[in-house]
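One-letter residues, chain by chain:
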Amino acid sequence: YNNTREGYILEKNVTSGSIEPTNFGVYVFGGKAKYIVQIDGLRSLAVASIYQVKNYLDWERVNISLKPYEQLIPQTDLVAPPFLQEMLKAAEQISKNFDYMRVDFLFNGKEVHFLELDPYTGFSIAAFPHWFDKHLGDLWNEARSSPAIN
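Side note on the nonpolar core
So, point 1. Val26, Ile36, Trp59, Leu84, Met87 and Leu88 are the most contacted members of the largest nonpolar core, which totals 17 residues.
So, point 2. For this core, the element with the highest residue contribution is helix α1 (residues 84-94), accounting for 4 residues.
So, point 3. Not counting the four nearest positions on each side in its chain, Ile36 is found in contact with Phe24, Gly25, Val26, Ser49, Ile50, Tyr51, Val53, Trp59, Leu84, Met87 and Leu88.
So, point 4. Judged by nonpolar contacts, the second largest core, of 15 residues, contains Val37, Phe128, Phe132 and Leu139.

What follows is the structure, given as structure tokens:
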């Protein structure tokens, strides 16, 4: 952040009363959504699960423990949300000029809101198992060498 100008960004509060919002981090490689990390309750770390994108209408949970939180965060099999297609298409459109980008969305129980772009994979909450971290790196290397990105 050495070359970043000092300042403030103020955002409208999009939460819905006492309901903690759900965060969806869409992992996009070479313009294609591959995985989603879903976190219920970012403050309380209530639930965190990783889903592989099957298509625009479906996902499948990946059996991964998020260290060091595997005892604290239960993983659940959620039905794909009704806004999955819209969210994935938006993530792919937003990140189309990058070889990798995590595109975060926030669901407040009523609406889905764009949250942020992040070139890092981990949400700062957990470490992926080595095999999955390597898999993500392989996807990133593949996207980086793709002629569509270069």
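Resuming the write-up.
Some thoughts on the pattern of salt bridges
So, point 1. Overall, the coordinates contain 7 salt bridges when judged by the stated rule.
So, point 2. As a salt-bridge pair, Asp104 and Arg102 come within 2.7 Å of each other at their nearest N and O atoms.
So, point 3. Looking at Asp104, the relative accessible area reads 1%, which means it is buried.
So, point 4. Note that Asp118 and Arg102 form a salt bridge whose closest N and O atoms lie 3.2 Å from each other. Of this pair, Asp118 sits in strand β6 (residues 112-118) while Arg102 is found in strand β5 (residues 100-107), placing the two residues 16 residues apart along the sequence. Neither Asp118 nor Arg102 differs from the other in exposure class; each is buried.
So, point 5. Residues joined in a network through salt bridges with shared partners are Arg102, Asp104, Glu116 and Asp118.

Observations regarding the packing of aromatic side chains
So, point 1. Per the stated rule, a full pass over the model turns up 10 aromatic pairs.
So, point 2. Ring centres of Tyr35 and Phe132 lie 5.1 Å apart, and the angle between their planes is 85°; on these two criteria the pair is classed as edge-to-face. Remark: Phe132 occurs in helix α2 (residues 130-144) and Tyr35 occurs in strand β2 (residues 32-40); sequence separation between them is 97 residues.
So, point 3. Plain terms: the ring middles of Phe105 and Phe114 are 6.2 Å apart, the flat faces sit at 80° to each other, and that makes the pair edge-to-face.
So, point 4. Judged by its relative accessible area of 5%, Phe105 is buried.
So, point 5. On the basis of relative accessibility, which here comes to 46%, the residue Phe114 falls in the partly exposed class.
So, point 6. Among the aromatic side chains, those forming a connected cluster through ring pairs are Phe24, Tyr51, Trp59, Phe83 and Phe107.

Here's the deal with the side chain of Asp99
So, point 1. Tracing the sequence through the fold places Asp99 in the loop between α1 and β5.
So, point 2. In this structure the side chain of Asp99 is engaged in a polar contact, spanning 3.3 Å, whose partner is the side chain of Arg144.

Points about a nonpolar patch on the surface
So, point 1. A cluster of nonpolar side chains, Ile94, Phe98, Phe114 and Leu117, forms an exposed patch at the surface whose accessible area comes to about 330 Å².
So, point 2. Relative to the elements of secondary structure, Phe98 occurs in the loop between α1 and β5.
So, point 3. Judged by relative accessible area, Phe98 falls into the partly exposed class, the value being 35%.

Conventions used here
- Residues numbered from 1 in each chain as written.
- Predicted model: local features only at pLDDT ≥ 70, side-chain atom pairs only at ≥ 80, totals over all residues.
- Heavy atoms only, no water.
- Core = buried A, V, L, I, M, F, W, Y, C linked by side-chain atoms within 4.5 Å.
- Buried < 20%, exposed > 50% of the residue type's maximum accessible area, 1.4 Å probe, protein only.
- Helix = DSSP H or I, 4+ residues; strand = E, 2+ residues; numbered from the N terminus.
- Contact = heavy atoms within 4.5 Å.
- Salt bridge = Lys/Arg side-chain N within 4 Å of Asp/Glu carboxyl O.
- Phe/Tyr/Trp six-rings, centres within 6.5 Å; stacked < 30°, edge-to-face > 60°.
- Polar contact = N/O pair within 3.5 Å; in protein donor to acceptor, adjacent residues only side chain to side chain.
- Patch = residues over 30% accessible without salt bridge, like charges linked within 9 Å, V, L, I, M, F, W, Y side chains within 5 Å.
- Areas by Shrake-Rupley, 256 points an atom, 1.4 Å probe, with all protein chains shown as cover.

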